[in-house]
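Structure at a glance
Spelled out from the first residue to the last, the chains are:
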Amino acid sequence: MKTILTGIRPTGHLHLGHYFGAVGNWAKLQNDYETYIEIADVQALTDNFESPDKVIKSVKDLTVDLLSIGIDPNKANIFIQSLIPEIAELTIFYSNLVTISRLERNPTVKTEIKQKKELFGENGESITYGFLGYPVSQAADITAFKGNLIPVGDDQLPLLEQCREIVRKFNNIYGKTLLEPEAYLSKFPRIKGTDGNEKMGKSLGNAIFLADSDEEVKRKVMSMVTDPNKIKINDPANPDICMVYYYHKLIGNNNLTTVCEECKNGKRGCVACKKELLSKMLEFLKPVHEKQKYYNEHPEEVDEILKKGTKIAQEKAKETIKEVKRAMKINYFE
Ligand code: TRP
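Heads up: these notes are all about the structure in this document. Keep in mind the model is a prediction, meaning the values are calculated, not measured.

It is worth spelling out helix 9 (residues 157–174) at this point. In this model helix 9 runs 26 Å from its N-terminal to its C-terminal C-alpha over 18 residues, within 8% of the 26 Å that 1.5 Å per residue would give. Immediately downstream of helix 9, the backbone of Gly175 shows phi near 95°, a positive value.

On to the packing of aromatic side chains. For the structure on display, the rule yields 12 aromatic pairs. Ring centres 5.8 Å apart and planes at 25° place the aromatic pair Phe20 and Phe284 in the stacked group. A residue pair is termed long-range when its members are at least 10 positions apart, and Phe20 in helix 1 (residues 16–29) and Phe284 in helix 13 (residues 270–297) qualify at 264 residues. Phe20 sits in the buried class, given a relative accessible area of 14%. Here the aromatic rings of Tyr36 and Phe79 are separated by 6.4 Å at their centres, their planes lie at 75°, and the arrangement is edge-to-face. Taken together, the residues span a long stretch of sequence, with Tyr36 in strand 2 (residues 34–39) and Phe79 in strand 3 (residues 76–80) at a distance of 43 residues. A relative accessible area of 0% places Phe79 in the buried class. Counting every residue linked through ring pairs, the aromatic cluster contains Tyr19, Phe20 and Phe284. Sitting over the ring of Tyr134, Arg9 keeps its end group 4.6 Å from the ring centre.

Conventions we followed
- Residues numbered from 1 in each chain as written.
- Predicted model: local features only at pLDDT ≥ 70, side-chain atom pairs only at ≥ 80, totals over all residues.
- Heavy atoms only, no water.
- Helix = DSSP H or I, 4+ residues; strand = E, 2+ residues; numbered from the N terminus.
- Expected span 1.5 Å × (residues − 1).
- Phe/Tyr/Trp six-rings, centres within 6.5 Å; stacked < 30°, edge-to-face > 60°.
- Buried < 20%, exposed > 50% of the residue type's maximum accessible area, 1.4 Å probe, protein only.
- Lys NZ or Arg CZ within 6 Å of the ring centre and 35° of its normal.

Distances and angles like these do not, on their own, reveal function.
Written out as structure tokens, the structure reads:
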């Protein structure tokens, strides 16, 4: 059986971008693969080392969100990164196999550095050793659990490529030990925001969260960006530049052709169209909210799930570190 390994940073609740971009897939894949889902608290700290409280709170929120969208703790192991010290050990070994300039050239890291510079100015002081090295730590996440398939959004592809390079280099130097992972992309590997931005993101203020109340969802749907050329209710419009139509598609509205035709022919007002989307979205969110409520009222169950998942993950990582140390011939006194 192949192994799925994926991770997510605990920095807030899941939103629809996560769900349709990657996380929704995990709930399907867990049926056919040995599945590990890492709550990447150590990685979240590379950006949030000054506010650990936020990260710690998010570990639980995120776990509740994952369970609410159908991750089944009997099929998937949800675990906490910082409780697997082997990941930190692997990170140190792998850090010899990566140059600083290669890390700086990683497109995902490059974008993040650019964003940090915009935030903190050009002096570069915001770029820590830990932050620059997080792709190395992510390679440790993946290989510690012998992940074959990595279901992620497309922003993670450069990190996977970096992991594959590390694996190849390790295997070349120390002998074939590690597996080269492959990405597994969802049908929509990048989800747009409600404002039409190419990416939905918490910091961009254009996200609909799985934990949003019905009122919040309503406010967000009703203010979605539509075709700016449609002024009057009967003006024909272009659904391809309308976020309402985009989300009708994502949510799987089975009335899609009608929505599209009516929009193009000026037979559908935006308000009515938004209301239809809102009702589909609330229908989709209803069972999610019910499960969220259940798990929020049973925090001890959530703890048990994390403990169990972490224990299984620890065993797997122990196996890997043994093999790695053997390959590197640092298995003293074994
Ligand atoms: N970098 C991922 C994110 O920002 C989270 C992550 C951590 C991850 N470790 C991983 C993803 C391993 C895939 C595999 O969401």
